[in-house]
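# Breakdown of the fold
Spelled out, the chains give:
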Amino acid sequence: MEYEIFQMDAATWRIENKGVRFFVLAGSRRAAVIDTGMSVENAKDIAASLTDQPLMLINTHADMDHTSGNNAFETAHMHPAEYVNYFKGGAKHPTPTPLWDGEIIDLGGRTLRVITQPGHTPGSIALLDQERRVLYAGDSIQDGRIFMFGPMRNLVAYRQSLEKIMRLAEQFDLIYPCHASLPLTNEIIPRLMEGADRILRGEAAFTLTSMHGTRVRVYDVGAATFLCDSQPGD
């Protein structure tokens, strides 16, 4: 099977798909579909089988492993800084609808707050499920591999985004990323910050490998593994 569905509570589901996951969050008026996976063209049908509420697609960012089922939706809500990423390579997707930092999405008795998190990609966002005190973090906050190599990725911006989310940490108890372990707690955020700082200061050890035909540095900083651009002489 390409995917597996897990019910997290009476109105929340996660769908696991080839090392990436997406989520369905139902309110009393509509349901949010957070990303659509790597190889799940029927993501909309899956979501519709879980809730009878109208569906709203939100992309945490537009990397290909988060958008495979987008075409079944009329629009995809995302931060406009992600549009270049969304349309790169000539991919045909529905026209996006902008989301802005601090915007509140009312699902009916359940509200999601948009928090911009540039760095992994320019338009990466997290979504704070305010009543449940859960942060849906996309790829930015996780304990697996965080891709920081190639165009449009920036470790300095990523580090600043972590500082921003740390200031909001009293508003959530659990973190649900799209990769690796879940749930996580707030304690991972300062650990990721410290790891990013060591990389930026040139103090972190690394190994070299090839990813998608690109030579990259692999930094295992304990909290997660960062894959960063190689440097001349590597």
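Details of the structure are given in the entry above.
Starting afresh in each chain, residues are numbered from 1 along the sequence in its written order. This being a predicted model, a pLDDT of at least 70 is required before a residue's local features are given, and a value of 80 or more before pairs of side-chain atoms are given or counted; all residues contribute to the totals for chains, interfaces and linings. Excluded from the side-chain calculation are hydrogens and water; included are all heavy atoms of the structure.

## Notes on the overall build of the chain
A run of H or I in DSSP counts as a helix once it spans at least four residues, and a run of E counts as a strand once it spans at least two, with each numbered from the N terminus. Check the secondary structure of the chain and you find four helices and 16 strands. The reference for a compact globule is 2.2 Å times residues^0.38; the radius of gyration itself is calculated from the C-alpha atoms. Computed over its C-alpha atoms, the radius of gyration of the chain comes to 17 Å, within 12% of the 17 Å expected for a compact globule of 234 residues. Across its three principal axes, the chain shows a C-alpha extent of roughly 55 × 40 × 35 Å. The buried label goes to any residue with under 20% of its type's maximum accessible area, the exposed label to any with over 50%, and the partly exposed label to all in between, with areas taken from a 1.4 Å probe on protein chains only. Burial statistics for the chain: of 234 residues in total, 53% are counted as buried. For the chain, restricting intrachain contacts to residue pairs at least 6 apart in sequence, the fraction spanning at least 24 positions comes to 51%. We treat Lys and Arg as the positive residues and Asp and Glu as the negative residues; His and chain ends play no part in the count. Every charge is mapped to an atom, namely NZ of Lys, CZ of Arg, CG of Asp or CD of Glu. In the chain, the 22 positive side-chain charges and the 29 negative ones have mean positions that sit 2 Å from each other. Between two residues, a contact is recorded if the distance between any of their heavy atoms is within 4.5 Å.

## Topic: the sheet that holds strand β12 (residues 145-148)
The strand order β12-β16-β15-β14 describes an open sheet built from four strands, whose pairing is mixed. Each having just a single partner strand, β12 and β14 (207-211) make up the two edges of the open sheet. Shown here is a sheet whose adjacent strand axes are inclined to one another by a mean of 30 degrees, direction ignored. Criterion used throughout: strands pair if DSSP finds at least two bridges between them. Pairing between strand β15 (residues 214-220) and strand β16 (residues 225-229): five bridges, direction antiparallel. Lines fitted to C-alpha atoms define the axes, with helix axes restricted to the stretch in contact, and inter-axis angles between N-to-C directions lie between 0 and 180 degrees.

## Quick notes on the pairing of strand β10 (residues 125-129)
In terms of residue burial, β10 counts as a mostly covered element, since five of its five residues are buried. Here β10 shows a buried face lined by Ile 125, Leu 127 and Asp 129 and a second buried face lined by Ala 126 and Leu 128. Relative to β10, strand β9 (residues 111-116) is paired through five bridges, and the arrangement is antiparallel. Its bridge partner lying in β10, Thr 116 is registered against Ile 125. With three bridges joining them, β10 and strand β11 (residues 134-138) adopt antiparallel strand pairing. Residue pairing in the sheet places Leu 128 in a bridge with Leu 135 of β11. In this structure, the hairpin formed by β10 and β11 is closed by a connection of four residues, where Arg 133 is found at a positive phi of approximately 60 degrees.

## Some points on the pairing of β16
A regular strand places its side chains on the two faces of the sheet in alternate fashion. Most of β16 sits out of view: four of its five residues are buried. Bridge count for β12 against β16 is four bridges, and the pairing is parallel. In the sheet register, Ile 146 faces β16, and the bridge partner there is Phe 226. In textbook terms, the turn of a hairpin is the stretch between consecutive antiparallel strands, and for β15 and β16 this stretch comprises four residues, one of which, Gly 222, has a positive phi near 95 degrees.

## Quick notes on helix α4 (residues 188-200)
Each helix should span, by expectation, one fewer than its residue count multiplied by 1.5 Å. The terminal C-alpha atoms of α4 lie 18 Å apart, and with 13 residues this matches the ideal 18 Å at 1.5 Å per residue to within 8%. Of all the residues in α4, the buried ones are Ile 188, Ile 189, Leu 192, Met 193, Gly 195, Ala 196 and Ile 199. Summarising the axial view, the buried residues of α4 lie within an arc of 165 degrees, below the 170-degree limit, and thus occupy one face. Elements that come into contact with the buried residues of α4 comprise β12, α3 (155-166), β13 (174-177), β15 and β16. Looking one or two residues beyond α4, the residue adopting positive phi is Gly 202, at roughly 75 degrees. This arc is taken over the directions from the axis of the helix to the C-beta atoms.

## Topic: unusual backbone geometry
The omega torsion of the bond from Leu 182 to Pro 183 falls at -5 degrees, within 30 degrees of zero and hence cis. Within the fold, Pro 183 resides in the loop between β13 and α4. Notably, Lys 18 is not glycine yet its phi reads approximately 55 degrees, a positive angle. Residue position: Lys 18 is located in the loop between β2 (12-17) and β3 (20-26). Phi angles above zero are rare outside glycine, and Asp 35 is one such case at about 75 degrees.

## Points about the packing of aromatic side chains
How two aromatic rings sit relative to each other is set out by the distance from centre to centre and by the angle between their planes. Whether two aromatic rings pair depends on their centres lying within 6.5 Å, for rings of Phe, Tyr and Trp, where Trp uses its six-membered ring; planes under 30 degrees apart make the pair stacked, over 60 edge-to-face, and the rest tilted. Taken as a whole and judged by the stated rule, the model has seven aromatic pairs. Both rings, one in Tyr 136 and one in Tyr 176, keep their centres 5.5 Å apart while their planes meet at 55 degrees; by these two values the pair is tilted. You can see Tyr 136 sitting in strand β11 and its partner Tyr 176 sitting in strand β13, a full 40 residues away along the chain. Just as Tyr 136 is buried, Tyr 176 falls in that class too. Measuring from centroid to centroid gives 5.5 Å for Phe 206 and Tyr 219, while their planes differ by 55 degrees, and the two rings are tilted. With Phe 206 in the loop between α4 and β14 and Tyr 219 in strand β15, this residue pair connects regions lying 13 residues apart in the sequence. Relative accessible area serves as the criterion here: at 5%, Tyr 219 is assigned to the buried category. Site record: aromatic cluster; members linked through ring pairs are Phe 23, Tyr 136 and Tyr 176. Geometrically, a lysine NZ or arginine CZ counts as sitting over a ring once it is within 6 Å of the ring centre and also within 35 degrees of the ring normal. Lying across the ring of Phe 73, Lys 44 places its NZ or CZ 5.6 Å from the centre.

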